[in-house]
Every structure is written in C-alpha cells, then in structure tokens.
Amino acid sequence: MDDIEAIKILKARYFRTVDLKDWPALRALFCDDATVDMSQAGGAILGPDDFLESVMSTLANVLTVHHGHMPEIMLSGSTASGIWSMEDLVRYPDGRELHGYGHYHDAYEKHGSDWKIKSSRLTRLRVDITDAAESPTTA
Amino acid sequence: MDDIEAIKILKARYFRTVDLKDWPALRALFCDDATVDMSQAGGAILGPDDFLESVMSTLANVLTVHHGHMPEIMLSGSTASGIWSMEDLVRYPDGRELHGYGHYHDAYEKHGSDWKIKSSRLTRLRVDITDAAESPTTA
Amino acid sequence: MDDIEAIKILKARYFRTVDLKDWPALRALFCDDATVDMSQAGGAILGPDDFLESVMSTLANVLTVHHGHMPEIMLSGSTASGIWSMEDLVRYPDGRELHGYGHYHDAYEKHGSDWKIKSSRLTRLRVDITDAAESPTTA
C-alpha cells in the first residue's frame, strides 16, 4: 500500500475509533510525543495520553459521529502533512446537540512500516448548538 | 487504475446509482451471489436481485442522499475488504425524514478487470427521524 | 504524486478556498478558458473571472461549508473527468440557511505538472431552505 493511502486509513481509524469508543485502538494511532491542539475549538493542547483521558471522560456517555473529507496529504520522506475538512455531530446525555464544521491540520510520522499522528490541530468554520427540545428524535 | 481506486469508484457508483435511481447500473455492481445485510439497520439479509427489488419498491417515491467517507480498503489478491463511514438522508412522500449514520462493512471480488460487491453489511451509529412538520422546506 | 491524487487535491482546494474565502487561490485552480455551469442550480454559466467575481460578491458576508465526496475520476492522458458527490451549507446574513446536495461533473486539464479545472457543472439532488427562526444557533 502506498504512503498516502496508509495515511488516509490512519485518519479513518482516528474517526472510527472515536465514534466506536475503542480507546486503546485510538491511542495506538498517535506517536508517544504527539500533540493534539483543540485550542481554537475551545479545548486544550495535550499529549496523547492526556488527550485520551480527556476524550474518554468527555465522551463516555455521548453519542458522536465524526467525518473527514477531501484530504490534502503532502509526503516528505518519512514525514507528511495533511489537511482534512471535517464535520462532527455530538449528542450530549441531556439531549443538547453540537454540530461542527472545520479543518484538521495534521502532521504524520512513519515508524517502521506504520504511519502515526505526530500532531493534529482543529480549526472551526462553524459550530451550531441545538437545544434538547429542538433536536431530532433518535429512532 | 490501481485496485484500491477501482474499489472506491465501485462504491461511489453504489451511492450515486441509488440516489439517481439507476437500478440496472446498481445491480451491475454486485456479484450474482452477493449478500446485502441490513439486519442491524432494521432490514433483511438479501441476495442482489431481492435487494434490488426491495430498494426499487421502497425508494420509488423517496428522495435519498447517500454519502460514503474515509474508506479502509484492504486488498488480498482478487478479493478485498472495505469499511466505509456513511450518512444517509431519506425523505418520504409524507414529509417525514430519516437521517442516519453508520458504517458499511464490505467484501469485494475481482471478476476479470472489474471489481464487484461480494457482501455489504450496514451498522448504525445513530438514526434520527424528523416529523414532516419539523422537516426543512425543499426549494 | 499520481495524477488521480493530484486531481483530488485540486478539488479539495476548490472547496477549502471557497469556505476560507481565499479568492486568489481559488482563481488559480481554474484554466483561463474554464467554464463553471451553475445553471441547473439556479445560477449562470460563467468563465473563471466572472465566476470569481460572482462568488466574491455573493459570499462576501456568508458563512459556507462545502464538502465533496466519493470522486469518480477517469484519466485520459493530460485530460480527465470527475464526478463528485457534494453537500453545501450556506448561512446568509439574515439567518436563513441553504442546505444542498448534488453532484459536480468536472473536466480537468494538465498544464505542465499542475492539474486545473477545465469545466465544472453542478446538478442538484435536493436543496433545503430553513428560515432564520428555525436555523440552529451558532456558538
């Protein structure tokens, strides 16, 4: 498999493991010295273990859907950069909903034959919040 | 064209032919012994002809939008597996709307130079139903 | 980078530069003799400079999100065709929202080592308009 395809699958697994709450698989996608920067989206800049702890506690009882679109991946030897358009949908236990749109700005690093996330920074185009009373009914 | 790209186009055509109701083109994407498993999404497990008949009657007067995202395709000679994140939007004639999210778990098989869908199973993260009165107005 | 990947990145930049209102970068993605056909979507058929002028004035105070999905790109030497599924979300200053779905039907041309958009035609599956009072609150 070529490197660009491998990086797309890496990021696909990021989104899928978040939504399926497969925390060990999510952690394995990051370099040990990775940084995840959610500061522009109202969050923190965290290393991979703190990020995992934060996600595990924040999303424990939350239904999420995360989608990534139209990657722009640039290879440079055993490192790469990537921009992804994204959309997320978060339903909180009290029925409130967050529907967000933006871009991920990532760096990747190849370790042996595996690509891992070295850094990831989220910027937002738009975030909508819907009251519980106005949110759609889940079947 | 490489095999992974060919499989992505196969699945793109699945979504596009469903939404454009191009039934013969949709049928041609499946192996004759394919199975489509919608049992986790409230549907049946069907062969390709029964699936087509079901889709043709269910969607005849229904406006649909189906999107697939972030494929994880793994090749193994002339077979392959694929996981896709998905979103669908279904507007029924009475104005009710279904908005769903989940994953397709597929198998593919190469016949000559053409890839076809050998099996497809849908799992759901979330399905929202909106009443006709609360659905947006289509221009 | 292979040609298909280069064309996917070209289109990703189209969507990203529209949403970030990076007009010079958007213009640079088109051939000088390109045509953009929005006639089926209630718009005009325009050359690249008129298209840019139209987009710049229409979207100046408008928040947009454009996503492209599941490209079907067919190469033929230094030209190529592409079909993309698409979704757009447009928030007007008065609070009204447009939420659209459809397909782009594109042609591309290679100039030196760069792919550019030769023509782009939008067809719609569905367009929803939401009143300001019913639109979600942006955080």
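It should be noted that the structure appears before, not after, this text.
Rules behind the numbers
Residues numbered from 1 in each chain as written. Chains lettered and ligands numbered in written order. Predicted model: local features only at pLDDT ≥ 70, side-chain atom pairs only at ≥ 80, totals over all residues. Heavy atoms only, no water. Phe/Tyr/Trp six-rings, centres within 6.5 Å; stacked < 30°, edge-to-face > 60°. Buried < 20%, exposed > 50% of the residue type's maximum accessible area, 1.4 Å probe, protein only. Helix = DSSP H or I, 4+ residues; strand = E, 2+ residues; numbered from the N terminus. Lys NZ or Arg CZ within 6 Å of the ring centre and 35° of its normal. Least-squares fit on C-alpha atoms with pLDDT ≥ 70 in both. Contact = heavy atoms within 4.5 Å.

### Examining the packing of aromatic side chains
Residue and element names in this part refer to chain A. Here the structure, examined in full by the defined rule, presents 15 aromatic pairs over all chains. Ring geometry for tyrosine 14 against phenylalanine 15: centres 5.4 Å apart, planes inclined by 75 degrees, an arrangement best described as edge-to-face. Here tyrosine 14 and phenylalanine 15 have matching classes, each one buried. With a centroid separation of 6.1 Å and an interplanar angle of 75 degrees, the aromatic rings of tyrosine 14 and phenylalanine 30 are classed as edge-to-face. Of this pair, tyrosine 14 sits in helix H1 (residues 3-19) while phenylalanine 30 sits in strand S1 (residues 30-37); the two residues are 16 residues apart in sequence, bridging distant segments of the chain. Per residue, the accessibility class of tyrosine 14 equals that of phenylalanine 30, and both read buried. Taken together, the ring pairs in this structure connect Tyr14, Phe15, Phe30, Phe51 and Tyr104 into an aromatic cluster. Stacked on the ring of tyrosine 104, the Lys or Arg lysine 11 has its end atom at 3.9 Å from the ring centre.

### Digging into the relation of the copies chain A and chain B
For the match of chain A to chain B, the screw axis carries a shift of 0.0 Å, the RMSD comes to 0.0 Å, and the turn is 120 degrees. One copy is carried onto the other by what is essentially a three-fold rotation axis. Minimal C-alpha separation from the rotation axis in chain A is found for A:His69, amounting to 4.0 Å. When you check the interface residues of chain A against chain B, a mere 8% turn up at the interface there too, and the two sides of the contact use different surfaces.

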